Amino acid sequence: IEVASLLGVSYTGKSPLAEGLVSRLAHEGITADVIKKDEAMKAVGRERYGCDDKTDGYSIKGFFRHGEVPSNELHEYMNGQVRSSLDLGHIAILEGGTRTRAAQAETLNNIELDEDGLRIFMLELPFRDVLARARSRRKESGRYDDRLPVAHAKLYGQYKGLRSPDAPQIEDVDVTVLDAS
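Below or above, wherever it landed, is the structure these notes cover. Source: prediction; values computed, not measured. (Residues numbered from 1 in each chain as written. Predicted model: local features only at pLDDT ≥ 70, side-chain atom pairs only at ≥ 80, totals over all residues. Heavy atoms only, no water.)

All right, on to the sheet that holds strand β4 (residues 118-124) then. Reading across from one edge, β2-β3-β1-β4-β5 is the order of the five strands in this open sheet, with parallel pairing throughout. Strands at the two margins of the open sheet, each flanked by one partner only, are β2 (32-36) and β5 (175-179). Adjacent strand axes in the sheet meet at a mean angle of 20°, parallel and antiparallel pairs treated alike. Strand direction decides the pairing type here: strand β1 (residues 3-7) and strand β3 (residues 91-95), joined by four bridges, are parallel. Paired with leucine 6 across the strands is glutamate 95, a residue of β3. (Pairing = 2+ DSSP bridges. Helix = DSSP H or I, 4+ residues; strand = E, 2+ residues; numbered from the N terminus. Axes fitted to C-alpha atoms, helices over the stretch in contact; angles between N-to-C directions.)

Printed below as a string of structure tokens:
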């Protein structure tokens with residue numbers, strides 16, 4: 001595996017899983033880098049809305065001014081991160097941001113992988129548990145995207161993307177489903 005893609009809606013535990021993978025792989029002498037969609041959002045937000053952006057790229061006013069989430073810029077940013085990781089001989093762990101095959105193709109654009117170079121890990125969690133984790137994190141994190149209107153909009157878009165015909169499916173040969181409970 002050259003690229004491991006962690007898919008799941010917000011609050012399914014992609015970050016802890018990515019951190020655990022990095023630690024476990026390091027124990028085996030393998031270096032892995034986590035490429036986070038949230039970091040891409042922050043970088044694109046600073047570029048689009050200025051250094052004073054306190055929304056980590058989730059500026060609602062910015063979205064209204066510039067349109068939807070700048071997905072092409074997010075995928076370009078993540079592509080550069082994946083390319084850097086692979087150039088160093090590391091495994092790239094994509095944390096979010098590739099919920100459809102089209103998004104995956106954009107993120108991995110012009111990156112040659114071995115036949116089995118990409119593995120998708122789909123994290124499944126009952127919706128009631130997603131809401132419970134969202135409530136808990138909102139109380140603790142102070143993250144802009146955990147605020148109720150932003151979190152609801154994010155979850156709506158994420159579920160919509162995962163239900164699209166272009167989304168990786170459980171029966172796909174490159175998909176492994178993980179219970180995130």
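We now examine helix α4 (residues 71-87). In a regular helix each residue adds 1.5 Å, so 17 residues correspond to 24 Å; α4 covers 24 Å between its end C-alpha atoms and thus fits that length. Within the span of α4, buried status applies to Leu74, His75, Met78, Asn79, Val82 and Ser85. Burial along α4 is one-sided: seen end-on, the buried residues are contained in an arc of 135°. Structural note: α4 exposes Glu76 and Asp87 on the side pointing more than 90 degrees away from its buried face. Buried residues in α4 make contact with β1, β2, α2 (37-49), β3 and α5 (101-107). (Expected span 1.5 Å × (residues − 1). Buried < 20%, exposed > 50% of the residue type's maximum accessible area, 1.4 Å probe, protein only. Arc of directions from axis to C-beta. Contact = heavy atoms within 4.5 Å.)

Direction vectors running N to C along helix α6 (residues 127-141) and helix α7 (residues 148-162) enclose 150°, while the axes themselves pass 12 Å from each other. One element, α6, and the other, α7, form an angle in the roughly antiparallel class. The hand of the α6/α7 crossing is right-handed. Facing Phe127, Val130, Arg137 and Arg138 of α6, the residues of α7 in contact are Leu148, Lys154, Leu155 and Tyr159. Among the residues forming the contact of α6 with α7, the class breakdown is five nonpolar, no polar and three charged. (Parallel < 35°, antiparallel > 145°, perpendicular 65-115°, else oblique. Left-handed = near helix turned anticlockwise from the far one by under 90°. Nonpolar A, V, L, I, M, F, W, Y, C, P; charged D, E, K, R; others polar.)

Tallied over the entire structure, the rule returns one aromatic pair. When the centroid spacing of 5.5 Å and the interplanar angle of 70° are considered together, the rings of phenylalanine 127 and tyrosine 159 count as edge-to-face. Of this pair, phenylalanine 127 sits in helix α6 while tyrosine 159 sits in helix α7; the two residues are 32 residues apart in sequence, bridging distant segments of the chain. (Phe/Tyr/Trp six-rings, centres within 6.5 Å; stacked < 30°, edge-to-face > 60°.)

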